[in-house]
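# Structural features, examined
Below, each chain spelled out in residue letters.
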Amino acid sequence: MTLDHSSLTTLAVLGDALRRRMFEFIRQERRPVTREEVADSLGISRKLAAFHLDKLVSAGLLRTHYESPAGIRKVGRKPKLYEPVAEAIAVSIPSVATECRPTS
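Because the structure is a prediction, the values reported are computed rather than measured.

### Some remarks on the overall build of the protein
Counting its secondary structure elements, the protein contains four helices and three strands. Counted from the first residue to the last, the protein has its helices and strands arranged as α-α-β-α-α-β-β. Here the protein, with 104 residues, has 27% of them falling under the buried criterion. Within the protein, residue pairs in contact and separated by at least 24 positions form 50% of the contacts whose partners lie at least 6 positions apart. Per element, the accessible surface of the protein, about 8,000 Å² overall, is 53% carbon and sulfur.

### Details of the packing of helix H2 (residues 17-29) against helix H4 (residues 46-58)
Closest axis-to-axis distance for the H2/H4 pair is 10 Å, and the angle between their directions is 80 degrees. Taken together, the axes of H2 and H4 lie roughly perpendicular to each other. Where H2 abuts H4, its residues Leu18, Arg19, Met22, Phe23 and Ile26 lie against Leu48, Ala49, Phe51, His52, Leu53, Lys55 and Leu56. Looking at side-chain class alone, the contact of H2 with H4 contains nine nonpolar, one polar and two charged residues.

### Here we look at the sheet that holds strand S1 (residues 33-34)
One open sheet holds the three strands; their spatial order is S1-S3-S2, and the pairing between them is antiparallel. The open sheet is flanked by S1 and strand S2 (62-66), the only strands paired with a single partner. Here five bridges tie S2 to strand S3 (residues 80-84), and the two strands are oriented antiparallel to one another. Looking at the pairing, histidine 65 lines up with leucine 81 of S3.

### Observations regarding the pattern of salt bridges
In the structure shown here, the tally under the stated rule is five salt bridges. Between glutamate 83 and arginine 63 there is a salt bridge whose closest N-O contact spans 3.4 Å. With glutamate 83 in strand S3 and arginine 63 in strand S2, this residue pair connects regions lying 20 residues apart in the sequence. Given a relative accessible area of 18%, glutamate 83 falls into the buried group.

### Regarding the nonpolar core
Judged by nonpolar contacts, the single largest core of 18 residues is most densely connected at Met22, Ile26, Val38, Leu53, Leu56, Leu61 and Leu62. Only H2, helix H3 (35-42) and H4 provide two or more residues apiece to this core. The dominant element in this core, judged by the number of residues it contributes, is H2, at five residues. Discounting residues that sit within four places of it in the chain, leucine 53 has contacts with Met22, Ile26, Arg35, Val38, Leu62 and Tyr82.

### Brief notes about H2
Spanning 13 residues, H2 covers 18 Å between terminal C-alpha atoms, matching the ideal 18 Å at 1.5 Å per step. Regarding H2, the residues found buried are Leu18, Arg19, Met22, Phe23, Phe25 and Ile26. One side of H2 carries all its buried residues, which in axial view fall inside an arc of 160 degrees. Among the residues of H2, the N-terminal cap falls to aspartate 16, whose side-chain oxygen and the backbone nitrogen of leucine 18 are separated by 3.1 Å.

Rules used throughout
- The residue numbering used here restarts from 1 in each chain and proceeds along that chain's sequence as written.
- In keeping with the model being predicted, local features are shown solely for residues with a pLDDT of at least 70 and side-chain atom pairs are shown and tallied solely at 80 or more, while totals for entire chains, interfaces and linings include all residues.
- Hydrogen atoms and water are omitted, and side-chain values are computed over all heavy atoms in the structure.
- Note on conventions: DSSP H or I runs of at least 4 residues are helices, E runs of at least 2 residues are strands, and numbering of each starts at the N terminus.
- Throughout this description, buried means an accessible area under 20% of the type-specific maximum (1.4 Å probe, protein chains only), exposed means over 50%, and partly exposed covers the range between.
- Contact definition: two residues touch when any of their heavy atoms are within 4.5 Å.
- Where accessible areas are quoted, they stem from the Shrake-Rupley method and a 1.4 Å probe; at the residue level, only the protein chains shown are allowed to cover.
- To get an axis, fit a line to the C-alpha atoms, keeping to the stretch in contact for a helix; angles then go from 0 to 180 degrees between the N-to-C directions.
- Here the angle decides the label: under 35 degrees means roughly parallel, over 145 means roughly antiparallel, 65 to 115 means roughly perpendicular, and every other value means oblique.
- For this scheme, ten residues count as nonpolar: Ala, Val, Leu, Ile, Met, Phe, Trp, Tyr, Cys and Pro. Four count as charged, namely Asp, Glu, Lys and Arg, and the remainder, Gly too, count as polar.
- A pair of strands is treated as paired once DSSP finds two or more bridges between them.
- We define a salt bridge as a side-chain nitrogen of Lys or Arg found within 4 Å of a carboxyl oxygen belonging to Asp or Glu.
- Take the buried residues of types Ala, Val, Leu, Ile, Met, Phe, Trp, Tyr and Cys, join any two whose side-chain atoms come within 4.5 Å, and each joined set is a nonpolar core.
- By this rule, a helix spans an expected 1.5 Å times one less than how many residues it contains.
- Think of the arc as the fan of directions from the helix axis to the C-beta atoms.
- Polar contact is the term for a pair of N or O atoms within 3.5 Å; when the atoms are in protein, one must be able to donate a hydrogen and the other to accept it, and sequence-neighboring residues count only if both atoms are side-chain atoms.

Okay, structure coming up:
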């Protein structure tokens with residue numbers, strides 16, 4: 001049996017409760033969101049949200065692009081938007097079959 005390094009990294013990243021809540025929030029929104037929206041929804045700073053969002057991107061759970069959110073036109077740099085990747089995420093743990101043998 002071999003373990004895929006990227007699967008372990010993904011699992012480890014989601015082991016953090018705050019990152020897991022961020023990921024769940026973004027998936028529930030069903031649209032790209034800004035770091036400000038994530039920060040506001042979880043009651044954390046924008047800087048902390050950016051740090052954890054970038055970890056989720058590095059693990060391959062989210063992707064980013066720069067675009068003005070629908071209906072909002074601002075001067076300056078377009079905000080970074082985060083959205084889940086299209087691929088399904090699955091973790092499987094093989095079962096271990098053990099025999100109970102009486103000792104002699």
